[in-house]
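Fold and contact review
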Amino acid sequence: MQIGEVAARTELSLRTIRHYEETGLVVPSARSRGGFRLYTETDVARLMVVRRMKPLGFTLDEMRDLLEATDRLDRGDGPLPAGERERLLERVRVFERAARQRVADLRTQLARAEEFAATLADRLGGATAGQGHDAPPEAPAPTPPA
């Protein structure tokens, strides 16, 4: 499939997909006669791994490390020596533990943000409930920082 279809399926921009190609994370499996990038289902699966790692704050090097480990584990060119297989599995386990910790941290941040929003809503609810006809008009909402 061409890059536009991959972008639609992965919800990544063309620019992001090209950036991941430039950094060597996901390289198209082929090119058409006209020079268009062509991707396989495996390429799309790799992009989805990267897309899922990004919001958890993994670096490009960490993404590359995980992809290399899973590529080696999934390669169908014969069984891996036991020691190498265990080292690769441990690398994947490290990422799994890190992902779980980062998800927990994000849940904590989300809970705090929700508490803050609720506090503001309560404050506004109490302020508007007590206003009579003589109350001054509300000031415009401040513009949040960019």
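Now for a look at the structure at hand. (Residues numbered from 1 in each chain as written. Predicted model: local features only at pLDDT ≥ 70, side-chain atom pairs only at ≥ 80, totals over all residues. Heavy atoms only, no water.)

**Observations concerning the packing of helix 1 (residues 3-10) against helix 2 (residues 14-22)**
- Put simply, helix 1 and helix 2 touch, their axes get as near as 9 Å, and they point 105° apart. Relative to helix 2, the element helix 1 lies roughly perpendicular. Packed against helix 1, whose contacting residues are Ile3, Gly4, Val6, Ala7 and Thr10, the element helix 2 presents Leu14, Ile17 and Arg18 at the interface. (Axes fitted to C-alpha atoms, helices over the stretch in contact; angles between N-to-C directions. Helix = DSSP H or I, 4+ residues; strand = E, 2+ residues; numbered from the N terminus. Parallel < 35°, antiparallel > 145°, perpendicular 65-115°, else oblique. Contact = heavy atoms within 4.5 Å.)

**Comments concerning helix 1**
- Among the residues making up helix 1, those that are buried are Ile3, Val6, Ala7 and Thr10. One face of helix 1 carries all of its buried residues, which in axial projection span an arc of 100°.
- Immediately downstream of helix 1, the backbone of glutamate 11 shows phi near 60°, a positive value. (Buried < 20%, exposed > 50% of the residue type's maximum accessible area, 1.4 Å probe, protein only. Arc of directions from axis to C-beta.)

**Thoughts on the packing of aromatic side chains**
- Scanning the entire structure with this criterion turns up one aromatic pair.
- A centroid spacing of 5.8 Å and a plane angle of 50° characterise the contact between phenylalanine 58 and phenylalanine 95, whose relative ring orientation is tilted. Linking phenylalanine 58 in the loop between helix 3 (41-53) and helix 4 (60-74) with phenylalanine 95 in helix 5 (residues 82-129), this pair joins segments that are 37 residues apart in sequence. In terms of burial, phenylalanine 58 and phenylalanine 95 fall into one category: buried. (Phe/Tyr/Trp six-rings, centres within 6.5 Å; stacked < 30°, edge-to-face > 60°.)

**Let's talk about the pattern of salt bridges**
- If you walk through the whole model with that rule in mind, you get 13 salt bridges.
- Here glutamate 62 ties to arginine 102 by a salt bridge, and the two come within 4.0 Å at their closest N and O atoms. Remark: arginine 102 occurs in helix 5 and glutamate 62 occurs in helix 4; sequence separation between them is 40 residues.
- Judged by relative accessible area, glutamate 62 falls into the partly exposed class, the value being 26%. (Salt bridge = Lys/Arg side-chain N within 4 Å of Asp/Glu carboxyl O.)

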